[in-house]
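Structure assessment
Spelled out, the chains give:
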Amino acid sequence: MAEASKPEMKKAVFKKVCELRPLDTGINLTVKVVNTKVVAPRGRQMRTAEALVGDDTAMIVFVARNDQVGLMVEGSTLTLRNAKIEMFKGSMRLAADRWGRIEVDEPASFTVKTDNNISLVEFEMVNVVE
């Protein structure tokens, strides 16, 4: 009887912040936290913060929820795995849900490009009639 072969693991592909597009999923990134702002909780049990994170190409708002809020320390380097883009009032927000993972990493050598915040770009949904 032959042994069941394990599926080969794919190496994670890391993107740059400037490559993110609306409704992207499965995103892997290494970013630095520029600043963090705790926003009013939606419910009694939920803590939420908006952290401006970025790399050497651009910045984006990351929505941190519950235990993630404590990881959003200004200047820290984070590796985000299986993150996704959520749309909020026509703007992109980066998030890691229960399938995503956030790891505090060694300080990165890059400087965040602070003059390119892609969360400020407003998108509009267009219905195409054929």
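Residues numbered from 1 in each chain as written. Predicted model: local features only at pLDDT ≥ 70, side-chain atom pairs only at ≥ 80, totals over all residues. Heavy atoms only, no water.

1. Considerations on the nonpolar core
We apply this condition: Note on terminology: a nonpolar core comprises buried Ala, Val, Leu, Ile, Met, Phe, Trp, Tyr and Cys residues joined through side-chain atoms within 4.5 Å. We call a residue buried when its accessible area falls under 20% of the maximum for its residue type, exposed when it is over 50%, and partly exposed in between, using a 1.4 Å probe and counting protein chains only. Put simply, DSSP marks the helices as runs of H or I at least four residues long and the strands as runs of E at least two long, and each gets a number from the N terminus on. The criterion used for residue contact is that any of the two residues' heavy atoms lie within 4.5 Å.
Counting 24 residues, the largest nonpolar core has Leu-20, Ile-60, Phe-62, Leu-80 and Leu-94 as its most contacted members. Looking at this core, the elements that each hand over two or more residues are β1 (27-39), β2 (48-54), β3 (59-65), β4 (77-88) and β5 (91-95). With residues up to four places along the chain from it excluded, the contact list for Phe-62 reads Ala-49, Glu-50, Ala-51, Val-53, Gln-68, Met-72, Leu-80, Leu-94, Ala-95, Ala-96 and Ile-102. Among the nonpolar cores identified, the runner-up in size contains five residues, and Leu-52, Met-59, Val-61 and Phe-110 belong to it.

2. Section: unusual backbone geometry
Across residues other than glycine, the phi torsion is negative in most instances, and most of the peptide bonds are trans. Positioned with a positive phi, Leu-23 is a non-glycine residue whose angle comes to about 65 degrees. With a phi angle near 50 degrees, Lys-89 is a residue other than glycine that sits in the positive phi range. Among the secondary structure elements, Lys-89 is positioned in the loop between β4 and β5. Judged by relative accessible area, which is 70%, Lys-89 ranks as exposed.

3. Comments concerning the pattern of salt bridges
Under the convention used in this document: A pair is scored as a salt bridge if a Lys or Arg side-chain nitrogen falls within 4 Å of a carboxyl oxygen belonging to Asp or Glu.
All told, the structure shown has eight salt bridges when counted by the stated rule. The partner of Glu-86 in a salt bridge is Lys-84, and the shortest N-O contact between them spans 3.8 Å. With relative accessibility at 22%, the residue Glu-86 sits in the partly exposed group. Asp-97 is the partner of Lys-84 in a salt bridge, and the nearest nitrogen-oxygen pair spans 3.4 Å. Placement of Lys-84 in strand β4 and of Asp-97 in the loop between β5 and β6 (101-105) is noted, with a sequence separation of 13 residues between them.

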